[in-house]
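# Survey of secondary and tertiary structure
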Amino acid sequence: MPNLEETYDIVVVGAGHAGCEAALACARLGMETIVFTVSVDSIALMPCNPNIGGSSKGHLVRELDALGGEMGRNIDKTFIQSKMLNESKGPAVHSLRAQADKQDYSRQMRRTLENTDHLTVRQAEVTEIMVEDHQIAGVRTFSGAVYRAKAVVLCTGTYLKARCIYGDVSNYTGPNGLQAANHLTDSLIANGIEMFRFKTGTPARVDKRSIDFSKMEEQFGDERVVPFSFSTDPESVQKEQVSCWLTYTNENTHEIIRGNLDRSPLFSGAIEGTGPRYCPSIEDKVVKFPDKNRHQVFVEPEGLYTNEMYLGGMSSSLPEDVQYAMYRTVPGLENVKVVRNAYAIEYDCINSLQLKPSLEFKAIRGLFSGGQFNGSSGYEEAAVQGFMAGVNAAMEILGREPFVLDRSQAYIGVLIDDLVTKENHEPYRMMTSRAEYRLLLRQDNADLRLRAIGHEIGLVDDATYEKTLQKERDIAAEVERLESTNVGANARVQDFLERYGSTPLKTGATMAELVRRPELNYFMLTEIDPNRPELPEDTAKQVDINIKYEGYLRRQQQQVAQFKKLESKKLSPDFDYSTVGSLRREAVQKLNQHKPASIGQASRISGVSPADISVLLVHLEQMRHGKND
Ligand SMILES: Cc1cc2nc3c(=O)[nH]c(=O)nc-3n(C[C@H](O)[C@H](O)[C@H](O)COP(=O)(O)OP(=O)(O)OC[C@H]3O[C@@H](n4cnc5c(N)ncnc54)[C@H](O)[C@@H]3O)c2cc1C
């Protein structure tokens with residue numbers, strides 16, 4: 001075997017959504033970086049849903065953008081429809097979702113990778129990690145070539161020992177028939193890494209010409225598109241958009257599925273991997289919700305250059321003939337032609353409890369990981385982990401402090417803390433309900449929360465950071481102006497209030513008091529507020545939210561102060577919890593297994609009770625006062 005040998009600062013294994021962010025972050029921080037993929041034609045491939053964002057996932061993309069990541073900019077260049085979801089609800093759950101042209105998305109990300117300094121893109125299968133005395137030393141590829149590095153970031157997604165299944169058909173390939181990576185798992189196990197077997201699934205892709213759209217509800221994008229990236233000029237994304245379509249399954253569909261469950265690899269046990277509870281297949285839904293007489297089916301374009309349409313909500317691994325039969329019961333799909341079958345995919349990933357909050361392996365210095373490989377599911381969840389793992393690989397080499405976000409700073413902090421603290425026995429998907437402080441962690445203020453940190457890391461430039469500082473100044477000045485601007489009970493104001501069904505003023509009020517009225521908002525008051533400054537849309541939105549939700553925001557900030565108190569009580573990774581006499585046996589076992597970084601993290605470990613935390617706090621206090629025997 002030829003023994004090509006090269007040396008880099010950082011090796012990234014995988015050029016999916018996690019690997020791309022990791023590689024770009026490392027190279028942009030000046031690290032000589034090489035990124036491997038089994039096929040350079042599949043960089044940033046979207047093997048499942050053709051969209052970026054959606055509930056809570058939009059938050060992740062915006063936070064990533066604020067920190068200097070790429071996904072937000074990439075989707076702003078390649079989207080074909082965009083919609084702000086949950087606008088009828090409070091701002092905490094507003095979430096952007098954009099349909100992507102998948103081929104364009106991949107091409108654009110590839111162009112960015114290939115034109116980034118310090119970054120080398122390489123098509124080769126990594127088959128082995130090289131570890132010397134618990135320190136990563138590099139990787140070896142299928143050809144026997146050696147790539148030495150000070151840090152390695154594993155972002156292998158759904159490729160490790162991947163198996164694709166529908167009915168009794170199964171292939172040891174990666175998604176879309178791409179080559180699987182069948183060797184690395186053994187090397188990881190040989191180095192003491194605990195692996196899990198997970199599964200996920202995707203629906204069929206069908207030919208647009210075979211669909212009768214007259215039987216479906218057309219779903220339009222927003223008239224005024226809000227870009228994902230805070231760096232994107234909003235005017236540049238106002239363009240013609242394509243439609244998506246909504247139809248429903250029915251009892252005939254459900255009958256066909258129930259009648260063939262014995263041929264379903266999911267129910268026959270042919271599929272070993274554990275699937276995502278919150279992304280169920282259609283057969284799962286029909287079994288779990290027998291009383292539901294219909295399930296939504298979102299028919300979404302895969303791109304402008306193809307007739308392929310994605311049948312969202314009907315992922316499956318049922319046999320091919322059953323797929324045809326069930327799809328053809330759905331209104332509008334009666335004559336549907338399938339381009340690609342629905343299938344499930346099983347793959348190897350890790351038990352993420354083996355990771356520190358920096359996404360470094362506790363047992364191997366310099367080895368980091370991100371994405372589906374860590375047991376999550378979703379492009380967005382993958383991208384933010386890849387970014388964080390990449391940044392921390394660079395931080396380690398640069399001798400800088402690890403970069404960790406806590407649960408009060410970002411959805412990214414919630415995601416990673418859940419992965420490295422809680423036992424995840426199925427693919428982890430982000431949801432707004434997972435974030436305790438979601439009123440503070442909105443998608444609209446991600447830049448105000450995280451730009452400073454992105455700048456400090458070195459991935460947000462001075463000019464971009466200055467723009468955010470100016471935005472903060474504009475918001476503060478405008479809130480102050482509204483709090484100090486009095487409005488008299490004159491005819492014009494009373495007429496305005498009457499038109500909006502708002503209580504007339506008895507004496508005067510401040511503009512801010514009017515903004516706080518549930519039936520009014522900052523934008524509506526333009527009419528009676530002639531001196532207001534011309535502010536960009538996103539700045540004006542912050543003014544409105546900061547005034548309207550002031551009370552809720554203050555209460556949540558008080559909760560965060562409590563949370564931070566426990567997070568600041570650090571615990572040593574070398575501490576032996578069996579030395580704390582009055583701790584329960586289960587708590588000792590769990591704490592010694594996890595080695596939590598703080599009292600806060602310890603309190604979130606399943607099996608560690610609040611009483612155990614009190615015991616620990618007393619013990620820490622005694623140790624601090626040297627009273628411990
Ligand atoms: C069939 C299917 C259905 C899915 N359904 C859903 C869903 O319903 N909901 C959802 O949220 N998500 C779903 N996903 C998951 C979603 O695709 C992933 O979350 C996302 O792609 C993960 O990104 P990643 O970067 O972690 O990994 P991937 O996007 O899988 O990228 C992995 C990269 O690693 C490379 N690679 C792997 N091993 C090696 C190696 N040894 N050497 C060199 N290169 C290697 C690959 O070439 C690829 O570039 C599905 C995925 C698939 C395949």
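Refer to the preceding data block for the structure.
Residues numbered from 1 in each chain as written. Predicted model: local features only at pLDDT ≥ 70, side-chain atom pairs only at ≥ 80, totals over all residues. Heavy atoms only, no water.

When helices and strands are counted, the protein chain shows 20 helices and 24 strands. For the protein chain, the C-alpha radius of gyration of 26 Å lies close to 25 Å, the compact-globule estimate for 629 residues. In terms of overall dimensions, the protein chain has a C-alpha envelope of 85 × 80 × 50 Å along the principal axes. The 629 residues of the protein chain split such that 57% are buried. Within the protein chain, residue pairs in contact and separated by at least 24 positions form 72% of the contacts whose partners lie at least 6 positions apart. Of the roughly 26100 Å² that the protein chain leaves accessible, carbon and sulfur atoms contribute 50%. (Helix = DSSP H or I, 4+ residues; strand = E, 2+ residues; numbered from the N terminus. Rg over C-alpha atoms; globule rule 2.2 N^0.38 Å. Buried < 20%, exposed > 50% of the residue type's maximum accessible area, 1.4 Å probe, protein only. Contact = heavy atoms within 4.5 Å. Areas by Shrake-Rupley, 256 points an atom, 1.4 Å probe, with all protein chains shown as cover.)

Once that is clear, we can look at the packing of helix H13 (residues 462-484) against helix H16 (residues 537-548). Two measures define how a pair of helices packs: the angle their axes make with one another and the distance between the axes. At a closest axis distance of 9 Å, the pairing of H13 and H16 adopts a crossing angle of 50°. Of the possible angle classes, the one that applies to H13 and H16 is oblique. H13 and H16 meet at a crossing whose hand is right-handed. Here H13 contributes Lys471, Asp474, Ile475, Glu478, Val479 and Leu482 to the contact with H16, which in turn contributes Asp538, Thr539, Gln542, Val543, Asn546 and Ile547. (Axes fitted to C-alpha atoms, helices over the stretch in contact; angles between N-to-C directions. Parallel < 35°, antiparallel > 145°, perpendicular 65-115°, else oblique. Left-handed = near helix turned anticlockwise from the far one by under 90°.)

Attention now moves to the sheet that holds strand E21 (residues 343-350). The strand order E13-E12-E21-E14 describes an open sheet built from four strands, whose pairing is antiparallel. In this open sheet, the two edge strands, each paired with only one partner strand, are strand E13 (169-171) and strand E14 (195-202). Here the average twist between neighbouring strands, direction ignored, is 25°. Where strand E12 (residues 163-166) lies against E13, three bridges are found, and the strand directions are antiparallel. Bridge assignment links Ile165 to a residue of E13, and that residue is Ser170. (Pairing = 2+ DSSP bridges.)

Read from one edge of the open sheet, three strands run E4-E6-E5, paired in antiparallel fashion. Looking along the sheet, the strands with just one partner apiece sit at the ends: strand E4 (51-53) and strand E5 (79-85). When strand polarity is set aside, the average angle formed by the axes of neighbouring strands in this sheet is 20°. The sheet contact formed by E4 and strand E6 (residues 95-100) spans three bridges and is antiparallel. Within the sheet, the bridge partner assigned to Ile52 lies in E6 and is Ala98.

Turning next to unusual backbone geometry. Even without being a glycine, His118 presents a positive backbone phi close to 65°. Positive phi outside glycine occurs at Asp133, with the angle close to 55°. Secondary-structure assignment places Asp133 in the loop between strand E8 (126-132) and strand E9 (135-141).

Below, the discussion takes up the site of the ligand. Taken together, 34 residues sit near the ligand, with Ala18, Thr37, Val126, Gln372 and Gly378 positioned nearest. A distance of 2.9 Å is found between an oxygen atom of the ligand and a backbone nitrogen or oxygen belonging to His17. Thr158 places a main-chain nitrogen or oxygen 3.2 Å from an oxygen atom of the ligand. At the level of elements, helix H1 (17-28), strand E3 (33-37), E14, E21 and helix H10 (379-398) are the ones that each hand at least two residues to the shell around the ligand. The dominant element in the shell around the ligand, judged by the number of residues it contributes, is E14, at three residues. (Near = heavy atom within 4 Å. Polar contact = N/O pair within 3.5 Å; in protein donor to acceptor, adjacent residues only side chain to side chain.)

Residue position: Gln385 is located in helix H10. A polar contact is formed between the side chain of Gln385 and the backbone nitrogen of Gly371, at a distance of 3.2 Å. Of note is the side chain of Gln385, whose polar atom sits 3.0 Å from the side chain of Asn374.

For the rest of this paragraph, the subject is the pattern of salt bridges. One pass over the full model with this rule turns up 56 salt bridges. The shortest N-O distance in the salt bridge between Asp418 and Arg407 comes to 2.7 Å. With a gap of eleven residues between them, Asp418 in helix H11 (residues 411-421) and Arg407 in the loop between H10 and H11 connect regions that are remote in the sequence. Arg407 shares its class with Asp418; the two are buried. Between Arg499 and Asp495 there is a salt bridge whose closest N-O contact spans 3.3 Å. With Arg499 and Asp495 both in helix H14 (residues 491-499) and four residues apart, the pair spans about one turn of that helix. Exposure remark for Arg499: the relative accessible area of 47% places this residue in the partly exposed category. On the basis of relative accessibility, which here comes to 38%, the residue Asp495 falls in the partly exposed class. (Salt bridge = Lys/Arg side-chain N within 4 Å of Asp/Glu carboxyl O.)

Before going further, it helps to examine the side chain of Glu478. If you trace the backbone, Glu478 turns up in helix H13. Owing to a relative accessible area of 2%, Glu478 belongs among the buried residues under this scheme. Excluding anything up to four places from it in sequence, Glu478 contacts Tyr522, Arg532, Pro533, Leu535 and Val543.

Time to look at helix H9 (residues 320-327). Of the positions making up H9, those classed as buried are Val322, Gln323, Met326 and Tyr327. Summarising the axial view, the buried residues of H9 lie within an arc of 125°, below the 170-degree limit, and thus occupy one face. Tucked inside the fold, the buried residues of H9 contact E12, helix H6 (251-258), helix H8 (282-288) and strand E19 (308-312). (Arc of directions from axis to C-beta.)

Here the focus is the environment of Arg434. Position of Arg434 relative to the elements: it lies in the loop between H11 and helix H12 (446-457). Each C-alpha atom, one on Arg434 and one on Phe523, is 31 Å from the other, the two residues being 89 residues apart in sequence. With near-sequence residues (within four places) excluded, Arg434 lies in contact with Tyr278, Arg407, Val414, Asp418, Tyr428 and Arg429. There is a polar contact of 2.8 Å between the side chain of Arg434 and the backbone oxygen of Arg429.

A word on the packing of aromatic side chains. According to the stated counting rule, one finds eight aromatic pairs in the structure shown. Centre to centre, the rings of Phe213 and Trp245 are 4.7 Å apart; their planes meet at 40°, and the pair counts as tilted. With Phe213 in the loop between strand E15 (205-207) and strand E16 (217-219) and Trp245 in strand E17 (residues 244-248), this pair connects stretches of sequence that are 32 residues apart. If you follow Arg294 out to its NZ or CZ, it ends over the ring of Tyr248, 3.6 Å from the centre. (Phe/Tyr/Trp six-rings, centres within 6.5 Å; stacked < 30°, edge-to-face > 60°. Lys NZ or Arg CZ within 6 Å of the ring centre and 35° of its normal.)

Attention shifts here to the state of the cysteines. For the structure on display, the rule yields zero disulfides. Considering cysteine sulfurs only, Cys155 is the nearest to Cys26, which forms no disulfide, with 9.0 Å between them. Between Cys244, a cysteine without a disulfide, and Cys48, which holds the nearest cysteine sulfur, the sulfur-to-sulfur distance is 14 Å. (Disulfide = S-S within 2.5 Å.)

That is the geometry; function is a separate question.
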